[in-house]
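These are the residues of each chain, in order.
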Amino acid sequence: MSIMAMLLALIAFSAFGVATHGHYQRLTGQRLSASNKAWCQSAGWLMLTLSATASIMAKGWAFGCVWWFGYMMLAAGGAFIALNLAPLTLNK
Amino acid sequence: MSKGIRQSQSTLHTWSGLLLGWLLFLVFLTGTIAFWREGLNRYMRPELARVERPLTVLDGAQRFLDRKAPDAKSWFIALPNDQVPGAQLFWQPQPKKGERAGRSGGGRGRRDNQALIGADGLPATARDTRGGEFFYRFHFDLYYMPVIWARWLVGIAAVMMLVAILTGIVTHKKIFRDFFTLRRGKGQRSWLDGHNATAVLALPFHLMITYTGVVTLMALLMPWATVANYTDQTKLLDALFPHVEAAERTGKPVPLVRLSALVRDAERRLGGPIGSLEVSQPGDAAARVTLFRSPTTLLNTRASSIVYAGTSGKPVWQSPAPGGAAATAGVMIGLHAGRFADTALRWIYFLCGVAGTLMVASGLVLWTVKRREKLPDPARPHLGFRVVERLNVAVIAGFPLGVAALFWANRLLPATMLARAQWEVHMLFIVWTAAIVLALACKPQHAWSSLFALTGVSLLLLPAFNLVGTRWNAISSLAVGDLLPLGVDASMLAFGVGYLWLARRVAHHVPQTRNFRRERPLTTEHMMQEVAA
């Protein structure tokens, strides 16, 4: 359940990252449309909520919240590194 | 209007960050290392075996104290676990006639009143070192100065940090929108992106650690609430740390029950592992044993306790549930110190601390990067600029070299040396002083790269030295399944490689154009890109 919470947070922050114009353009070669942006972001928020639920289910309220913040920071850092330093492109 | 506010916040952010930034760098760096306080206590005493059976060690501690200090006023035993080098114990002799009773009278800090019981239950002889405790204490007490001054300084720096974080959120208004942006190789822009990334990615941590850091010092910074509510100091202590007063010695000798049996019973009654215990008037009919729950399983650091009669082993008192204010403060301090954190969560704490340290460092460097382009003559900057630039080198590159020197001193100083633990610490400051001299004497670009390179090489060689010079190292640790030495050595290697990379980057950095007016910062702009990641 803890691993699940971490993975969900990672997916959430990757979605947030992809939903920025610069990264979307680099990854897909296309402009980010408003609807795609909204899609990615709401998916991100949903994943983040699920991640919180999983974390609290795994560790209880007090520790679950602390861990959830930990997962979010790790995931944000991981997504940041992947998006900025990994030279990956799709559809190019 | 809005611009006016942002401008004022920006000024506040710049100056609150700069003036105490160097101190904050030291506080962040040592605080980050101090998350591994217990681990380093063990790492820096490689003679000692890992504790496998804590209660055997406790029995050994009791036997030792029975022989060594049978009529002491009190014993204090910190229970070992597999993270710590053994059971640390102190005893307080009976106060002599005319001597002031209480904590200051017995001299808890005196060296002849403490011992370390090793994994086999016998008194251990290890090299004299402060281990991870040094980083923990330096984090708020600094060194070579009265503790009270240091705490005021660190307290003010922490408040400034809070100001810098909050104004920073306003100043760098786009940080949330530009969350994932890192523009590489673009000078000031890259620095700013890096500074923002280290700040925002771990923003919950930064806010938490700074706010709770101020809370740990709140009684010092804002004593009025306690002064207004508690005229009597002892009443305040009773409210914060509920306890039973120690009884007078009756003079009737009665043997003490087995402490390890009490530990088992107390763990059941308190619902969690026991961290430490205190015996008052051991070996007497009035003996009392207080057991404290370990803060490793609680958010609140002010753990509950239970008192037993030392002669019968019957529980006589249990601490009441803490009040709202005490629980809040306890939880905040718990969050700050992360004592509840297991190894995985501690890594998250540590990485966030590294991000915080980089945030402070990049902010300091950013001050010079921003101003360099506006200098009338970049070849001859004004005095203020040169002071900041060189202090940055002295602190950001110099202090880590000092820390590396401390680890080397821990391995190399002879075990029989007088005041060995103090000399380990002196070595940090001697090497740091040398680094400061170098930073002031050389051109910043050379000073940055040579200090980074020296730090990198020292950190890389340390695990290699452990392989040949220490009984207990990465390979032996794998063999017995004890991952701590391996983990510390691997971290040293990682940081060593990082520092060498930085050194190379700075040394090979050539300004992009020869055109004087467009010359880019000479020193460190590129370092940030790696650092930000």
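Check the entry above for the structure.
Just so you know, these numbers come straight off a predicted model, no measurement behind them.

Draft legend 1. Fine view of the overall build of chain B. Of the regular secondary structure elements, chain B holds 21 helices and seven strands. With 533 residues in all, chain B has 45% of them scored as buried.

Draft legend 2. Region of interest: the pairing of strand β7 (residues 315-318) of chain B. As paired elements, strand β6 (residues 305-309) of chain B and β7 of chain B share three bridges and run antiparallel to each other. Note that in β7 of chain B the partner of Y308 of chain B across the bridge is P315 of chain B.

Draft legend 3. Molecular detail of helix α8 (residues 188-201) of chain B. All names here are of chain B. In a regular helix each residue adds 1.5 Å, so 14 residues correspond to 20 Å; α8 covers 20 Å between its end C-alpha atoms and thus fits that length. Of all 14 residues that make up α8, twelve are buried, and the element is covered over most of its length. Buried within α8 we find S190, W191, L192, D193, G194, H195, N196, A197, T198, A199, V200 and L201.

Draft legend 4. View of unusual backbone geometry. Residue and element names in this part refer to chain B. Non-glycine residue L142 carries a positive phi angle of around 50°. Inspection of the secondary structure assignment puts L142 in the loop between α6 (133-141) and α7 (147-171). Classification of L142 as partly exposed rests on a count of 19 C-beta atoms within 10 Å. Phi angles above zero are rare outside glycine, and Q281 is one such case at about 50°.

Draft legend 5. Geometry of the packing of helix α15 (residues 343-372) of chain B against helix α16 (residues 383-412) of chain B. Residue and element names in this part refer to chain B. It is at 10 Å that the axes of α15 and α16 come closest, and there the two elements cross at 155°. Between α15 and α16, the interaxial angle falls into the category roughly antiparallel. Read as a crossing pair, α15 and α16 show a hand that is left-handed. Contacts between α15 and α16 involve A361, L364, V365, W367, T368 and R371 on the former and, on the latter, F385, V388, E389, N392 and I396.

Draft legend 6. Seen up close, the interface of chain A and chain B. Opposite the 18 residues of chain A that make contact, chain B presents 13 residues. Residue assignment for the side of chain A that touches chain B shows that the elements contributing at least two residues are α2 (21-28) and α3 (34-85) of chain A. If you tally residues by element for the side of chain A that touches chain B, the top one is α3 of chain A, at 14 residues. Residues belonging to the side of chain A that touches chain B are distributed by class as follows: eleven nonpolar, seven polar and no charged.

Draft legend 7. Structural context of the pairing of strand β1 (residues 74-78) of chain B. Residues and elements named next belong to chain B. Judged by how many residues are buried, β1 sits mostly within the fold: four of five residues are covered. Bridge analysis of β1 against strand β2 (residues 87-92) gives five bridges, and the strand direction is antiparallel. Note on β2: the bridge partner recorded for S74 is Q92. As defined by bridge partners, β1 adjoins strand β4 (residues 274-280) across five bridges and the pair is classed as antiparallel. In the sheet register, A78 faces β4, and the bridge partner there is S276.

Draft legend 8. Expanded view of the environment of P253 of chain B. Residues and elements named next belong to chain B. Positionally, P253 belongs in the loop between α12 (233-240) and α13 (259-270). Of the residues examined, P253 has 11 C-beta atoms within 10 Å and is grouped as exposed. For the pair P253 and G283, spaced 30 residues apart in sequence, the C-alpha separation works out to 5.7 Å. Sequence-distant contacts of P253, that is, excluding residues within four places in its chain, are made with G283 and D284.

Draft legend 9. Representation of the sheet that holds β2 of chain B within the structure. Residue and element names in this part refer to chain B. Judged by pairing direction, the sheet is antiparallel, and its seven strands sit side by side in the order β3-β2-β1-β4-β5-β6-β7 without closing on themselves. Two strands lie at the open edges of the sheet, namely β3 (114-117) and β7, each paired on one side alone. Taking each pair of neighbouring strands and ignoring which way they run, the sheet shows an average axis angle of 20°. Helix α4 (residues 54-68) rests against β1, β2 and β3 of the sheet, and its axis sits at about 25° to β2. Where α13 meets the sheet, it contacts β4, β5 (288-293), β6 and β7, and its direction lies at approximately 50° from that of β5.

Quick notes on the rules
- Residues numbered from 1 in each chain as written.
- Chains lettered and ligands numbered in written order.
- Predicted model: local features only at pLDDT ≥ 70, side-chain atom pairs only at ≥ 80, totals over all residues.
- Helix = DSSP H or I, 4+ residues; strand = E, 2+ residues; numbered from the N terminus.
- Buried ≥ 20, exposed ≤ 12 C-beta atoms within 10 Å, placed from the backbone.
- Pairing = 2+ DSSP bridges.
- Expected span 1.5 Å × (residues − 1).
- Axes fitted to C-alpha atoms, helices over the stretch in contact; angles between N-to-C directions.
- Parallel < 35°, antiparallel > 145°, perpendicular 65-115°, else oblique.
- Left-handed = near helix turned anticlockwise from the far one by under 90°.
- Contact = placed C-beta atoms within 7 Å.
- Nonpolar A, V, L, I, M, F, W, Y, C, P; charged D, E, K, R; others polar.

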